[in-house]
Amino acid sequence: MSARTNAVRLAEAAGISVSEHFYEYDERDLNGNHAAEALGFPPEQVFKTLVARGVKTGINVFCIPVCCELDLKKAAKAAGDKNMEMVAVKELLGLTGYIRGGCSPVGMKKKYPTFMDETAILWDTIAVSAGERGHQMLLPPEALAQLVDAKLCDIIL
């Protein structure tokens, strides 16, 4: 694991106070609840990054608590689309520059429309992937939303 990922460097360059946490992970089970448990945080405070494709809008990024599921109807509505479907795992690296279990909303290959579940603002700090498996970064949700130009909305089941 690298000491500083591109996602961490970008957040710090934007003047955001970031702390990093590393943890052991199992490649056979990349469930985000393991990250929350390893960090000692409630799963509602640790956010996973999901990538979906809209019929009209193309690629969109969604950050939701690891204990929750993305509501594709709400996601489509938030993105201004009629339909939204998750991208295949095999497409993730090519689209974002990240692999499953290490996808960060910060520092993707391209800037995609990004949506963060509104529950993020209930916390002073949330954890998101720092861009590699077993590496989380903690930062204020408002600062993260501003950095990735995310819209806060209700997007979970």
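For the structure itself, consult the block above.
Fair warning: this is a prediction, and the values are worked out from it, not measured in the lab.

Before going further, it helps to spend a moment on unusual backbone geometry. Backbone geometry at D149 places phi at a positive 55°, although glycine is not the residue there. Turning to its location among the elements, D149 is positioned in the loop between α5 (141–147) and β8 (150–153). When its relative accessible area of 55% is taken as the criterion, D149 is described as exposed.

Our next topic: the sheet that holds strand β2 (residues 47–54). Spatially, the five strands line up as an open sheet ordered β4-β2-β3-β5-β8, and their pairing is mixed. The strands lining the two open edges of the sheet, one partner per strand, are β4 (84–86) and β8. This sheet shows a mean twist of 35° between the axes of neighbouring strands, independent of strand direction. On the sheet, helix α3 (residues 72–79) packs against β3 (58–65), β4, β5 (114–117) and β8 and is oriented at approximately 120° with respect to β4.

Enumeration over the complete set of coordinates arrives at one aromatic pair. Note on F62 and F115: the rings are 5.3 Å apart at their centroids and 20° apart in plane angle, and the pair reads as stacked. With F62 in strand β3 and F115 in strand β5, the pair connects residues that are 53 residues apart, well separated along the chain. Of the two residues, F62 and F115, neither departs from the other in class, the shared state being buried.

Rules and cut-offs
- Residues numbered from 1 in each chain as written.
- Predicted model: local features only at pLDDT ≥ 70, side-chain atom pairs only at ≥ 80, totals over all residues.
- Heavy atoms only, no water.
- Helix = DSSP H or I, 4+ residues; strand = E, 2+ residues; numbered from the N terminus.
- Buried < 20%, exposed > 50% of the residue type's maximum accessible area, 1.4 Å probe, protein only.
- Pairing = 2+ DSSP bridges.
- Axes fitted to C-alpha atoms, helices over the stretch in contact; angles between N-to-C directions.
- Contact = heavy atoms within 4.5 Å.
- Phe/Tyr/Trp six-rings, centres within 6.5 Å; stacked < 30°, edge-to-face > 60°.

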